[in-house]
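# Residue-level structure breakdown
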Amino acid sequence: DLLIKEVNDLFIRGRVAKAQQRALVAWDAFGRHLEDSLGSANGEFRLGPERFSEKLSLYLHSPLGAEEVLRRANARLEALTEELAEAAGQLGEGGGSSSERIRRVLDTVAEHHSNNQTVLAEAGAVLEQLTSAVDASGLFTIPTDPYDLEVVPEFMRGTASAYCMPAGPFEEGARSKVMISPTPDDWTKEQSESFYREVNSAMMVMLMAHEAMPGHVLQLAVARAFQGPTKVRAAFYNGPFVEGWACHAERVVGELGIGGLPVRTQQLKVQMRTTINAILDAAVHAGDMSESEAVEMMTKRGFQEQAEAEGKWRRACLTSAQLSTYFVGYTELADLFEGIAPIVSYDDVLAHGSPPTSLLPALLS
C-alpha cells in the first residue's frame, strides 16, 4: 500500500508540474498581450444593463435581482444618514443641516490617524484589542489557526486599504495574512493625508473587524474546518456570504461598544460605503455614471475622503458585480438574524463553510 501511494504521489506531482509549466507560459503570453495592447485598448468597459443583471445574478447566487438590490440600497442609504446624524448629535455637533453636522463630526474623528511608518503597529494593537473583546463576548469560539499581519506590497496599493489573504482550504499548516496598506510611494502629501483621514484610528477598528476579528480571518478559519460529504463546499465560497459576514462583524464590534461613539460613527460610515458600493456598481455598469459623478456621490453623499473615492472609482471600472457583494450579503444575513434573534452564539451560523446565505436557513434547521 505504501508503494502504491508513493507511485500515485509521483504521478500526481508529474501532472501538476506539467500543468504549472503550461500555466506559466500562458501567464507570460497574457502579460505580453496586455503590454502590446495598451496603446490601442479603447473598448467599452461597462457591461450594460442586460449583461450586468445576468452577471450579478450568477455572481451573487441570491434571490435579490439587480433592481431590488438598487432599491434596497437607496432606502438603506437614507436610513443610515439619519442614524449617522443622530450619532453626530450625541457627540455634541449641533447646528446646521444634518449633512453639515455629520461632516463636522467625521472631520473631528479623522484628525486622529496613523501614517506609513505607524500604520502596521496601530493595526496590530487594534487586532489584539478586538481578539480579547471578541473572546470575552462569548459569541464565538475563536479558532487557533495562526495568521500574520503584513503591509500590502507596493504594486497592490492605491485601491483598497486592507485585505485578507486566507490560507488555502486544503493547505496544511498554512497561515492566513491580514494585509494593511500604506500609501503608494508616488502619492503626494495631500493624497496620503486624505487616505489616512479615511483610514483614521477609529476606522482602523472597523477595518480589522472586517478583515480579521471576527470577520474574514475567523470565519474562513472556521470554514476550513468544515467537513462535508464532498470537498466542493470546502474548496469554494460564496462571495456575498463571506463579505456579508465581514460587514456583520463590523456591526458586532460596534454593538460591543469598542471605541465608543467615534467608532460608532465609522461603523455607520463604512455601512454607507458598502451600500454606495452597490449603487456605484449598478450606476457604472448598468448606467453611464461618470468619474466626476461617482466621486461626488461618494464624497458628498457618503462623506468619503477624496483618495478613497478615487480608488473606489478605479475598482468599479476594473471589476463588476463584486462591489455589490458586501451590501447584498449583509442584507441577507440581517434578514436571517432578525428571524432567529436573540443570538447567543454565532458558532452554528459559521459551521457550514461559506454557502450562499439563502441556503443557511435549511442548514440551520
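Coordinates for the structure precede this section.
A brief structural summary. (Residues numbered from 1 in each chain as written. Predicted model: local features only at pLDDT ≥ 70, side-chain atom pairs only at ≥ 80, totals over all residues. Heavy atoms only, no water.)

## Considerations on the packing of helix α11 (residues 260-285) against helix α12 (residues 291-301)
- Relative orientation of the contacting elements α11 and α12 amounts to 160°, with a least axis distance of 11 Å. Considering their axes alone, α11 and α12 lie roughly antiparallel with respect to each other. Of the two possible hands of crossing, α11 and α12 adopt the one that is right-handed. For the pair α11 and α12, contact is made by M272, I276, I279 and L280 and by A294, M297, M298 and R301, respectively. (Axes fitted to C-alpha atoms, helices over the stretch in contact; angles between N-to-C directions. Helix = DSSP H or I, 4+ residues; strand = E, 2+ residues; numbered from the N terminus. Parallel < 35°, antiparallel > 145°, perpendicular 65-115°, else oblique. Left-handed = near helix turned anticlockwise from the far one by under 90°. Contact = heavy atoms within 4.5 Å.)

## A few points about helix α2 (residues 49-60)
- With 12 residues, α2 extends 16 Å between its outermost C-alpha atoms, agreeing within 8% with the 16 Å of an ideal straight helix rising 1.5 Å per residue.
- Structurally, α2 contributes buried residues whose contacts are with α3 (66-90), α10 (239-255), α11 and α14 (325-340).
- Trailing α2 by a residue or two, H61 shows a phi angle of about 50°, which is positive. (Expected span 1.5 Å × (residues − 1).)

## Observations regarding the environment of V178
- Along the chain, the position of V178 falls in strand β3 (residues 176-180).
- Sequence separation of V178 and C164 is 14 residues, and the distance between their C-alpha atoms is 4.6 Å.
- Among residues more than four places away in sequence, those in contact with V178 are Y147, D148, L149, E150, Y163, M208, E211, A212 and V217.

## Focus on the packing of aromatic side chains
- Per the stated rule, a full pass over the model turns up 7 aromatic pairs.
- The interplanar angle of 70° and the centroid separation of 5.2 Å between the aromatic rings of W245 and Y346 together place this pair among those described as edge-to-face. Highlighted residues: W245 in helix α10 and Y346 in the loop between α14 and α15 (347-350), separated in sequence by 101 residues.
- Residue W245 is classed as buried on the basis of its relative accessible area, which comes to 0%.
- Pairing F337 with Y346 gives two aromatic rings, centres 5.5 Å apart and planes at 75°, and the pair type is edge-to-face.
- Exposure remark for F337: the relative accessible area of 6% places this residue in the buried category.
- In textbook terms, an aromatic cluster arises when at least three aromatic residues are bridged by ring pairs, as seen for F140, W245, F337 and Y346.
- Between K231 and the ring centre of F170, over which it is positioned, the NZ or CZ distance is 5.5 Å. (Phe/Tyr/Trp six-rings, centres within 6.5 Å; stacked < 30°, edge-to-face > 60°. Buried < 20%, exposed > 50% of the residue type's maximum accessible area, 1.4 Å probe, protein only. Lys NZ or Arg CZ within 6 Å of the ring centre and 35° of its normal.)

## With respect to the environment of I180
- Along the polypeptide, I180 turns up in strand β3.
- Judged by its relative accessible area of 0%, I180 is buried.
- The spatial distance from the C-alpha of I180 to the C-alpha of A87 is 28 Å, given a sequence separation of 93 residues.
- Beyond its immediate sequence surroundings of up to four residues, I180 is in contact with V119, L120, A123, E150, V151, V152, S161, A162, M204, L207 and M208.

## Some thoughts on the nonpolar core
- Of all hydrophobic cores here, the largest spans 48 residues; its most connected members are L130, F140, I180, M204, V205, M208 and W245.
- For this core, the element with the most residues is helix α7 (residues 201-211), which contributes 8 residues.
- Once residues within four sequence positions are removed from consideration, W245 is found in contact with F140, P214, G215, Q219, P240, L333, F337, Y346 and L350. (Core = buried A, V, L, I, M, F, W, Y, C linked by side-chain atoms within 4.5 Å.)

## Let's talk about the pairing of β3
- Judged by how many residues are buried, β3 sits mostly within the fold: 4 of 5 residues are covered.
- Relative to β3, strand β1 (residues 147-151) runs parallel, the two being bridged by 5 bridges. The residue of β3 that forms the bridge with E150 is M179.
- Both strand β2 (residues 162-165) and β3 contribute to a ladder of 4 bridges, which runs antiparallel. Its bridge partner lying in β3, C164 is registered against V178. (Pairing = 2+ DSSP bridges.)

## Some points on the environment of A162
- One can find A162 in strand β2.
- The exposure class of A162 is buried, given its relative accessible area of 8%.
- Distance in space between the C-alpha atoms of A162 and E150 is 9.9 Å, their sequence separation being 12 residues.
- Every residue in contact with A162, bar those within four places of it in the chain, is listed here: M179, I180, L207, M208 and E211.

## Focus on α12
- Those residues of α12 that sit buried are A294, V295, M297, M298 and T299.
- Buried residues in α12 make contact with α4 (98-110), α11 and α13 (306-318).
- At the C-terminal side of α12, F303 shows a positive phi close to 60°.

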